[in-house]
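One letter stands for each residue in the lines below.
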Amino acid sequence: MMTVSSACKDGSKVALDNGKYVRYTPEQVEALERLYHECPKPSSLRRQQLIRECPILSNIEPKQIKVWFQNRRCREKQRKEASRLQAVNRKLTAMNKLLMEENDRLQKQVSHLVYENSFFRQQTHNNATLATTDTNTSCESVVTSGQRNLTPQQHPPRDASPAGLLSIAEETLAEFLSKATGTAVEWVQMPGMKPGPDSIGIVAISHGCPGVAARACGLVGLEPARVAEILKDRLSWFRDCRTVDVLNVMSTGNGGTIELLYMQLYAPTTLAPGRDFWLLRYTSLLEDGSLVVCERSLNNTQNGPAMPPVQHFVRADMLASGYLIRPCEGGGSIIHIVDHMVLEPWSVPEVLRPLYESSMLLAQRTTMAALRHLRQISQEVSQPSVTGWGRRPAALRALSQRLSKGFNEAVNGFADDGWSMLESDGIDDVTLLVNSSPSKMMGVNLGYNNNGFPSVSSSLLCAKASMLLQNVPPAILLRFLREHRSEWADSSIDAYSAAAIKAGPCSLPGARPGGFGGQVILPLAHTIEHEEFMEVIKLENMGYYRDDMNIPGDVFLLQLCSGVDEHAVGTSAELVFAPIDASFSDDAPILPSGFRIIPLDSGTDAASPNRTLDLASALEVGTTANKAAGDNSGHSGSTKSVMTIAFQFAFEVHLQENIATMARQYVRSIIASVQRVSLALSPSRFGSHNAFHLPPGTPEAQTLARWICNSYRHVTSNLDYA
């Protein structure tokens, strides 16, 4: 390194360290540190400017300043790397502890199963021996033995007093811990869930227990008290949760709390009712410092306080479930989540029975949602930053919650939210609901009429429908809907919806559509595992008509997309969007519309992720098509799913009849488009030799070919203009 021998202005010299290094004064170090935080890597001109602007550095050569900044950057890099390695080491230590406990639990489960196996063998041998000696005695012995081993445990009735509720709470705690860390439930680990310091965690489902259950274990960088606070606020992380009301709270002698809760969950589709729960929640601190939040349903067998049935909801039963939160050395928490519920079979339509019996789509969805939300908040706390369009992660999470909740409200259409059903036109494929409540219309459609007075009260109309899909992977279908909006959407209706949000009343769409000029996807934010991402969709060169005037411009949509990875487990695919103003203000009204695709079985499909771009090859005939079919013969499979479609429109009261007609026709056209696209995306079109193939020249093939040609024509025309 360079040595410095020049004198300072006050006559003193810069001290030398063995003739190699410059020893800076504390004032010089403070000045350099301040400059480093402003510009960690200054150019040569910037370094000279620093010396001129800071007299205290005037006796140091520019090259030595360069060396100091290099060393400073190196130390910063080493510090960050050491901090990262320490964090990874803490995570690996905690994960190792978690895996050792899991291994110990599995060994206990194996020992228990071996004991049961030997016991049943002995019982079989004894019964066979007794059968050869005395028939009557053996029959009595077998009956009493069966009663002793097969009679389910009966819980004695309890009263609604604090002592009775505490007894239920302690029993719930014991049952929950036996599921979370014991062998009460035989868990089967989900495939593809690899444990590690940066993974979502260890996720397992139940095997051979009543109802549906799932368990998840993972690491989060938050303290146990903070984790419990977040998880108890179910509305903040569980998108299917409509409301949670705490009706009573009481403290226990051991420092815990008992809460009586009433919770409602949205129905995921129009084909099923919503669910509600009457719960007891027990929060307590264990002797080892672990924090436990466990829940269970209160029912008549326990003789506890009752909650009357609620209209439009079916009462579901939650068995002992909850969260075990253990402090981790060096900070953070190890969390065990168990979700176990039973649904009345008569409350589920036959076509949706697999949906409610599937652990992956019920309990596992809840456990994974909780873990992902905790990890997302942990990352935001450790790495605060401003993301796309100048918004912080918490603000974007709030927007995604508004989108999801608005879409769930539209799908369910509860009367206490202000929705009422319109009369059908005789065909029950599309349901129309209207809502004129002031809370729904706040900030929506605040235009002025031709006389300069505020427009009359506005309303919302929702058109929704559900359809069964066969042999179409939900992720691939959703990806096509996202990437090829022009193939199913009506540009004039997009423009109308945007105009109703930001410009007040406008003329009905359809007569003079503006046309699609192109779609630009602007990334906004995504979660840690990229299983969900938010984006702004810019539809260029759109136009809508208002007051007999053509108002050209771009249309912006805020869009939330999830479930586009066909290899992911336990997720549904959703595409929810809402028109927004270009200013994108936080208090802008949001009217979500979109699609939700729920798989009813796992299937065996392993299709190529690029299939959404291969519609043309699916339509080809002759040797090329046969070759394509042969190349993809391994991708055939059978999958069933339910797609739910819901679209919302803001309108003036006097336009209700016209808007209803338009919305009904629009949703029906979308259903027809989805059916045609599903036919082209079906694995049977790519690899099933026994599948039914449409002959050349069918209407479906002609429609798809016309779509491709129109898309190509739009793209080439835009390139010519550019």
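Thresholds, definitions, all that
Residues numbered from 1 in each chain as written. Predicted model: local features only at pLDDT ≥ 70, side-chain atom pairs only at ≥ 80, totals over all residues. Heavy atoms only, no water. UniProt positions renumbered as here; feature names shortened; annotations may be inferred. Helix = DSSP H or I, 4+ residues; strand = E, 2+ residues; numbered from the N terminus. Contact = heavy atoms within 4.5 Å. Areas by Shrake-Rupley, 256 points an atom, 1.4 Å probe, with all protein chains shown as cover. Buried < 20%, exposed > 50% of the residue type's maximum accessible area, 1.4 Å probe, protein only. Arc of directions from axis to C-beta. Salt bridge = Lys/Arg side-chain N within 4 Å of Asp/Glu carboxyl O. Phe/Tyr/Trp six-rings, centres within 6.5 Å; stacked < 30°, edge-to-face > 60°. Lys NZ or Arg CZ within 6 Å of the ring centre and 35° of its normal. pLDDT = per-residue confidence, 0-100. Pairing = 2+ DSSP bridges.

- The protein is annotated in an unreviewed UniProt entry as Homeobox-leucine zipper protein ATHB-8 isoform D of Glycine soja.
- Taken directly from UniProt, the Subcellular location (unreviewed entry) text for the protein runs: "Nucleus".
- Heading Sequence similarities (unreviewed entry) of the UniProt record for the protein holds this comment: "Belongs to the HD-ZIP homeobox family. Class III subfamily."

## Thoughts on the overall build of the protein
Item 1. A count of helices and strands for the protein gives 16 helices and 22 strands.
Item 2. For the protein, long-range pairs separated by at least 24 residues make up 68% of all intrachain contacts whose partners lie at least 6 apart in sequence.
Item 3. Carbon and sulfur atoms provide 54% of the accessible area of the protein, an area that totals close to 35,400 Å².

## Concerning helix 6 (residues 224–232)
Item 1. For helix 6, the set of buried residues is Pro-224, Val-227, Ala-228, Ile-230 and Leu-231. Looking straight down helix 6, one finds that the buried residues subtend no more than 165° of arc, so they occupy a single side. In this structure, helix 6 carries Ala-225 and Glu-229 as exposed residues pointing more than 90 degrees from its buried face.

## Brief notes about the pattern of salt bridges
Item 1. Using the criterion set out here, one finds 21 salt bridges in the structure.
Item 2. The residue Glu-380 makes a salt bridge to Arg-397 at a minimum N-O spacing of 3.0 Å. Placement of the pair is Glu-380 in helix 8 (residues 363–382) and Arg-397 in helix 9 (residues 393–412), with a sequence separation of 17 residues.
Item 3. Exposure remark for Glu-380: the relative accessible area of 14% places this residue in the buried category.
Item 4. Judged by relative accessible area, Arg-397 falls into the partly exposed class, the value being 25%.
Item 5. Lys-538 is paired through a salt bridge with Asp-554; the nearest N and O atoms lie 3.7 Å apart. On the criterion of sequence distance, the pair formed by Lys-538 in strand 18 (residues 532–546) and Asp-554 in strand 19 (residues 549–562) is long-range, its members being 16 residues apart.
Item 6. What makes Lys-538 partly exposed here is its relative accessible area of 22%.
Item 7. A relative accessible area of 28% places Asp-554 in the partly exposed class.
Item 8. Through salt bridges that share partners, Lys-232, Arg-234, Glu-259, Arg-281 and Glu-295 make up one connected network.

## Regarding the packing of aromatic side chains
Item 1. One pass over the structure, following the stated rule, counts 11 aromatic pairs.
Item 2. With 5.2 Å between their ring centres and 80° between their planes, Trp-68 and Phe-69 make a pair best called edge-to-face.
Item 3. Relative accessible area serves as the criterion here: at 1%, Phe-69 is assigned to the buried category.
Item 4. With centroids separated by 5.8 Å and ring planes inclined at 65°, the aromatic side chains of Phe-577 and Phe-647 adopt a geometry described as edge-to-face. One end of the pair, Phe-577, is in strand 20 (residues 573–580); the other, Phe-647, is in strand 22 (residues 640–652), with 70 residues separating them in the sequence.
Item 5. Of the aromatic side chains, those joined through ring pairs into one cluster are Trp-488, Phe-577, Phe-595, Phe-647 and Tyr-666.
Item 6. Seen from the ring of Tyr-36, Arg-72 lies directly overhead, with NZ or CZ sitting 4.4 Å from the centre.
Item 7. A cation sits over an aromatic face here: Arg-485 above Phe-577, 4.4 Å from the ring centre.

## Remarks on the confidence of the model for the protein
Item 1. Per-residue pLDDT for the protein has a mean of 75; in total, 67% of the residues score no lower than 70.
Item 2. The least confident element of the protein, judged by mean pLDDT, is helix 4 (residues 135–150) at 36; the most confident is strand 9 (residues 291–297) at 96.
Item 3. Of the regions scoring below 50 in pLDDT, residues 445–457 engages in 25 contacts with residues more than four places distant in sequence or in other chains.
Item 4. Scored below 50 in pLDDT, residues 510–514 shows 8 contacts in the model against residues more than four places distant or in partner chains.

## Examining unusual backbone geometry
Item 1. With a phi close to 75°, His-312 is a non-glycine residue in the positive phi region.
Item 2. Looking at where His-312 falls in the secondary structure, it is placed in the loop between strand 9 and strand 10 (313–315).
Item 3. One non-glycine residue, Asn-471, lies in positive phi territory at about 60°.
Item 4. Note on placement: Asn-471 falls in the loop between strand 16 (458–470) and helix 11 (474–483).
Item 5. Here Asn-471 falls in the partly exposed class, since its relative accessible area comes to 23%.

## Some words on the pairing of strand 9
Item 1. Among the 7 residues in strand 9, 7 count as buried, and that is most of the element.
Item 2. Judged by which residues are buried, strand 9 turns out to be covered on both faces: Leu-291, Val-293, Glu-295 and Ser-297 on one side and Val-292, Cys-294 and Arg-296 on the other are all buried.
Item 3. Where strand 8 (residues 274–285) and strand 9 come together, 7 bridges link them in antiparallel fashion. The residue bridging Ser-284 from the neighbouring strand is Val-292, located in strand 9.
Item 4. Counting the residues in the hairpin turn of strand 8 and strand 9 gives 5 residues, including Gly-289, whose phi is positive at 90°.

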